[in-house]
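Residue strings, one per chain:
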Amino acid sequence: MLITIPDVFSAEEVTQARAALDAADWVDGKVTAGYQAQTVKENLQLPEGHPVAVKLGEMVLAALARSPLFMSAALPLRVFPPMFNRYTGGGHFGTHVDTAIRAMASTGQRIRTDVSATLFLSAPEEYDGGELLVEDTYGVHNVKLPAGHMVLYPSTSLHRVTPVTRGARVASFFWIQSMIRSDGDRTLLYDLDTAIQRLAKDVPGNPAGVQLTGVYHNLLRRWAEM
Ligand code: NI
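Before going into details, it helps to say that this report is about the structure given with it. None of these values were measured; they are calculated from a predicted model. (Residues numbered from 1 in each chain as written. Predicted model: local features only at pLDDT ≥ 70, side-chain atom pairs only at ≥ 80, totals over all residues. Heavy atoms only, no water.)

Structural notes on the packing of aromatic side chains
Thought 1: Here the structure, examined in full by the defined rule, presents 2 aromatic pairs.
Thought 2: When the centroid spacing of 5.5 Å and the interplanar angle of 80 degrees are considered together, the rings of Phe-80 and Trp-175 count as edge-to-face. Linking Phe-80 in the loop between strand S5 (76–79) and strand S6 (83–88) with Trp-175 in strand S17 (residues 168–178), this pair joins segments that are 95 residues apart in sequence.
Thought 3: Under the relative-accessibility criterion, Phe-80 is labelled buried at 1%.
Thought 4: A relative accessible area of 6% places Trp-175 in the buried class.
Thought 5: A network of ring pairs unites the aromatic residues Phe-80, Phe-173 and Trp-175 as a single cluster. (Phe/Tyr/Trp six-rings, centres within 6.5 Å; stacked < 30°, edge-to-face > 60°. Helix = DSSP H or I, 4+ residues; strand = E, 2+ residues; numbered from the N terminus. Buried < 20%, exposed > 50% of the residue type's maximum accessible area, 1.4 Å probe, protein only.)

Some remarks on the nonpolar core
Thought 1: Phe-9, Leu-21, Phe-84, Met-150 and Leu-152 are the most contacted members of the largest nonpolar core, which totals 31 residues.
Thought 2: Those elements giving two or more residues to this core turn out to be strand S1 (3–5), helix H1 (11–22), helix H3 (51–65), helix H4 (68–74), strand S10 (115–120), strand S14 (150–154) and S17.
Thought 3: The element that contributes the greatest number of residues to this core is H3, accounting for 7 residues.
Thought 4: Aside from chain neighbours lying at most four places away, what touches Phe-9 is Val-14, Ala-17, Met-59, Val-60, Ala-63, Leu-119, Leu-121 and Gly-148.
Thought 5: Judged by nonpolar contacts, the second largest core, of 14 residues, contains Ala-33, Ala-37, Tyr-87 and Phe-93. (Core = buried A, V, L, I, M, F, W, Y, C linked by side-chain atoms within 4.5 Å. Contact = heavy atoms within 4.5 Å.)

Things to note about the coordination of the nickel ion
Thought 1: Every protein donor of the nickel ion is listed here as His-96 (NE2), Asp-98 (OD) and His-159 (NE2), and their distances to the metal cover 2.1 Å.
Thought 2: One chain supplies every donor for the nickel ion, spaced along it as H-x1-D-x60-H. Here His-96 is found in strand S7 (residues 92–96), whereas its partner His-159 is found in strand S15 (residues 159–161), with 63 residues between them in sequence.
Thought 3: Assessed through its relative accessible area of 4%, His-96 is described here as buried.
Thought 4: Residue classification places His-159 among the buried positions, given a relative accessible area of 3%. (Donors = N, O, S within 2.8 Å, 3.2 Å for Na, K, Ca; no water.)

Brief notes about the side chain of Glu-13
Thought 1: With respect to the helices and strands, Glu-13 occurs in helix H1.
Thought 2: Residues in contact with Glu-13, not counting those within four places in the same chain, are Val-8, Met-59 and Arg-66.

What to know about the sheet that holds strand S12 (residues 132–136)
Thought 1: On the basis of which strands lie adjacent, the open sheet formed by 5 strands has the order S3-S7-S15-S12-S13 and antiparallel pairing. Each edge of the sheet is formed by a strand with only one pairing partner; in this case those strands are strand S3 (41–42) and strand S13 (139–143).
Thought 2: Taken together, the 2 bridges between S3 and S7 define a ladder with antiparallel strand orientation. Paired with Glu-42 across the two strands is His-92, which belongs to S7. (Pairing = 2+ DSSP bridges.)

What about unusual backbone geometry?
Thought 1: Backbone geometry at Asp-7 places phi at a positive 50 degrees, although glycine is not the residue there.
Thought 2: Checked against the element boundaries, Asp-7 lands in the loop between S1 and H1.
Thought 3: Judged by relative accessible area, Asp-7 falls into the exposed class, the value being 57%.
Thought 4: Residue Leu-75 is not a glycine yet carries a positive backbone phi of 40 degrees.
Thought 5: Within the secondary structure, Leu-75 is located in the loop between H4 and S5.

Some thoughts on H3
Thought 1: Given a rise of 1.5 Å per residue, 15 residues ought to cover 21 Å, and the 21 Å separating the end C-alpha atoms of H3 matches this to within 8%.
Thought 2: Listed in full, the buried residues belonging to H3 are Val-52, Ala-53, Leu-56, Gly-57, Met-59, Val-60, Ala-63 and Leu-64. Taken down its axis, H3 places every buried residue within 160 degrees of arc, on the same side. Pointing more than 90 degrees away from the buried face of H3 are the exposed residues Pro-51, Glu-58 and Ala-65. (Expected span 1.5 Å × (residues − 1). Arc of directions from axis to C-beta.)

Rendered as structure tokens:
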């Protein structure tokens, strides 16, 4: 499932993040890429543990915690500390799949990457190119969102970022280990949760709503890995 979550960052948060990022020292993005990805990656990143990345990463995590849509779609167990990248002057990232297991630099704790996230911090008008293209069995999805909006997609997908031919594309990117490993199972729970929310709004107090909520939690209880 590929899903857009609007307004994860407010306009003020985007402005604050961009001021800090535009003044930061960036390094070659190959430092965090695996062997295959290194050969196709050409962008800049803030190093893991960079003070600006740590501070803004905490802002991202706080924003996720107040997003019911994120919680419902990702069913997060662990979130990798958010990282930040910048594409400019033809920078791009060729077709790759994200590394399956990543260790957090701070604690050494490993997470399995089930869901990949990109939080856009540049407005689409600020740059040409820089589309995130995600492949699934239905074809190729082209993602270029307003600043402050985020996309979630399965980490199992092949994806790429097209060359930025004007301006700069700044974003936060990170991974989530979900309580639900399978994208298909996670999508099913998301659809069920969405339907329950709609039912509660359209037909408040209907006993079927309680019964379906029970089904949701019992499926989660059956499938969740902690
Ligand atoms: Ni990737």
